[in-house]
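Now for the letters of each chain:
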Amino acid sequence: MKKFEKIVKQTFKKSERLSGKKNIEELFKNGSYFYLYPLKVVVLPSLHSNTHQVLFSVPKKSFKRAVDRNLLKRRMREAYRLHKHLLLTEPNVLSIAYIYTSKEVVNYQTIAHQIKESLNRLNSYVEKSVE
RNA sequence: AUCGCAGGCCGCCUUAUCGUUUCGAAUUAACUUCGGAAAGGAAAGUCCGGGCAAUACAGAGCAACGUACUUCUUAACAGGAAGGUACUGGCUGUAAAUGUCAGUAACAGAAAGUGCAACAGAAAAUAAACUACCCUGAUAAACUUAUGAUUGUCGGGGAAAAGGUGAAAAGGUGAGGUAAGAGCUCACCGCCCGUACGGUGACGUACAGGGGCAUGGUAAACCUUGCGUAUUGAAAGAUCAAAUAGGUUCUGCUCCCCGCCAGUUGCGGGGACCAAUUGGCUCGAUUGGAAACCCGUUUGUCGGGCAUAGCAGAAUGGGUAGAUCGAUAGACCCUGACGGUGACGUCCGGGCUAGAUAAAUGAUAAGGGUUCCGAACUGGUUUCGGAAAACAGAACCCGGCUUACAGGCCUGCAUUUUUU
RNA sequence: GCCGAUGUAGCUCAGAGGUAGAGUACUUCCUUGGUAAGGAAGGGGUCACGGGUUCAAAUCCCGUCAUUGGCU
């Protein structure tokens, strides 16, 4: 496990983020999803990229203040950055969207725990073969 | 010291580890390394004003919208400064006023017009007569010798003083006057008009001036007057531009039509236009075309006719995804000097201070400072333990306004207490 | 980021300067052997909140808050 951590750095660069209108539309149109309170995770095997690509979203409807939305996005991003080594990198590459569904601000420990859980689940998508 | 009000300022700090965006340098295939920078006083609300961009624009009028004491300030403003007026409160003084300090004001026009005012009340806006008041006619009653006067009832007038209603009742106080009353007359006060003087102006002051008072409220009701406003917003807009599918042009082949030459499969041709633009509307303004070919013909400014296929290749225009610019050095910030009552302006010197794009500015740990709570002690303080730290996150950029805000600091004014 | 709309009884909505209503729901009574339906009576409102204009504001003006629609 320690070896693995050395190989996968704890960075979170631009190339690891999901961007582009088309990619996002495709993900939400064709992706499969599951819930892990307070998160909703949307996944789709990707063909365009070399690495996993992630986006984090907090709906404006649940949180009026921009400060709250930023805080939750930062917590989710930080949790993903520190634990992404749990996600396998072969054979498939995924597009992932994390959507915050709760209407209350949840602390960092809970979010980190659920992110870890979600990564374990996502490994099954990585191993599945693309049709 | 205490507790208020008003104004201004600050908006926890340091270190380490792992990260994010961007700029510069170096080496390179590289996001690899090194160094620098990275949220606010409100970044918020989107309520005003401007820059900037596209579109429109000779000019004028109307509509619509905004705005409203004056002068200044400014790129501009519904912001700000200084002043005027009115109102409220304190102080001085006191019968009131004057004076002074502070605060508040959507503060143009109600003697241009139209409208509105529930309930109550006699009456709610060209004034009006319910009670009460005064004069008077008729009639009844009792009194009186009688004229007469009193009271009641019915009618005709006068009056706007008293009553009560209401948010509001048509100058106030006093005197004269009268049948009773009334600006009917007079004095003082108030009001309107005029003149003079002072002030850039709002306005102020004065008058042996004129007017008996006409002019109630509401314009955040319509409206009138003055002034102002073209519309839409960076998701504006500019440049480059993949794949796919259209457009246009050219070339080749096939098909169709016409003509010519002829020799069997050869050669040539198959074309253009028919008004347009103009802010929300109108006037007005600007710029056009009406041609050519074929056939007929009565030779006219006449009538009729004119089909455009398919495949392949190349070029080209618009333009989607996407990318770049717009977009971060500016009505900028700091210090000082000068001018101005002030807002503010001018000048010298210094500084570079976020720039993302599914959207960076974070997470964890340790230490310190501040405030609060508890305990111990040598009891103004120190030590230990625990807790708390607001409102809030750039998105083209500025000037304001408004709203939110833990805690702290400074200045001015006022309250209470102590000391000198 | 930009531009609009709405907020009135538990619910759905009228009311647009003069003391706030309708339908439905609720309570009580009548009717019925009992229930429903029907009939009669009644209660229930900070007109989202805070200021202002006016004699008077749900209504007009300004500012907050909440809900909601559109532009791409």
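Rules behind the numbers
Residues numbered from 1 in each chain as written. Chains lettered and ligands numbered in written order. Predicted model: local features only at pLDDT ≥ 70, side-chain atom pairs only at ≥ 80, totals over all residues. Heavy atoms only, no water. Buried < 20%, exposed > 50% of the residue type's maximum accessible area, 1.4 Å probe, protein only. Helix = DSSP H or I, 4+ residues; strand = E, 2+ residues; numbered from the N terminus. Pairing = 2+ DSSP bridges. Contact = heavy atoms within 4.5 Å. Salt bridge = Lys/Arg side-chain N within 4 Å of Asp/Glu carboxyl O. Axes fitted to C-alpha atoms, helices over the stretch in contact; angles between N-to-C directions. pLDDT = per-residue confidence, 0-100.

A. Fine view of the pairing of strand β2 (residues 39-45). In terms of burial, β2 is largely enclosed, as five of its seven residues are buried. Turn length for the strand β1 (residues 32-36)-β2 hairpin, with the two strands adjacent in sequence and antiparallel, is two residues. Here β2 runs beside strand β4 (residues 94-100); their pairing, made up of seven bridges, is antiparallel. Following the sheet pairing, leucine 39 is matched in β4 by tyrosine 100.

B. Seen up close, the environment of serine 46. Within the secondary structure, serine 46 is located in the loop between β2 and β3 (53-57). The residues touching serine 46, leaving out its near neighbours within four places in the chain, are Val93, Leu94 and Ser95.

C. Here's a closer look at the pattern of salt bridges. Scanning the entire structure with this criterion turns up two salt bridges. For the salt bridge of arginine 81 with glutamate 78, the shortest nitrogen-to-oxygen distance reads 2.6 Å. Taken together, the positions of arginine 81 and glutamate 78, both in helix α3 (residues 66-83) and three residues apart, correspond to about one turn of that helix. The class for arginine 81 is partly exposed, based on a relative accessible area of 24%.

D. Just the sheet that holds β4, in detail. Spatial ordering of the open sheet is given by β1-β2-β4-β3, a layout of four strands whose pairing is mixed. In this open sheet, the two strands that pair with only one neighbour each are β1 and β3. Mean inter-strand twist for the sheet, computed between neighbouring axes without regard to direction, equals 20°. For β3 and β4, the ladder comprises five bridges, and the chain directions are parallel. Bridging across to β4, phenylalanine 56 finds its partner in tyrosine 98. Docked against the sheet, helix α2 (residues 21-30) engages β1, β2, β3 and β4, running at close to 105° with respect to β2. Seen against the sheet, α3 touches β2, β3 and β4 and runs at an angle of roughly 155° to β3.

E. Layout of the confidence of the model for chain A. Looking at chain A, the pLDDT average stands at 77 and 89% of residues meet or exceed 70. In the predicted structure, residues 1-7 sits below a pLDDT of 50 and forms four contacts with residues beyond four places in sequence or in another chain. Across the assembled chains, the prediction reports ipTM 0.78 with pTM 0.74.

F. A look at the environment of tyrosine 80. Take tyrosine 80: it is sitting in helix α3. According to the relative accessible area criterion, tyrosine 80 is buried, its value standing at 3%. For tyrosine 80 and glutamine 10, which are 70 residues apart along the polypeptide, the C-alpha to C-alpha distance reads 9.3 Å. Once you skip the residues sitting within four places of it in the chain, tyrosine 80 turns out to touch Phe12, His52, Val54, Phe56, Tyr98, Ile115 and Leu119.

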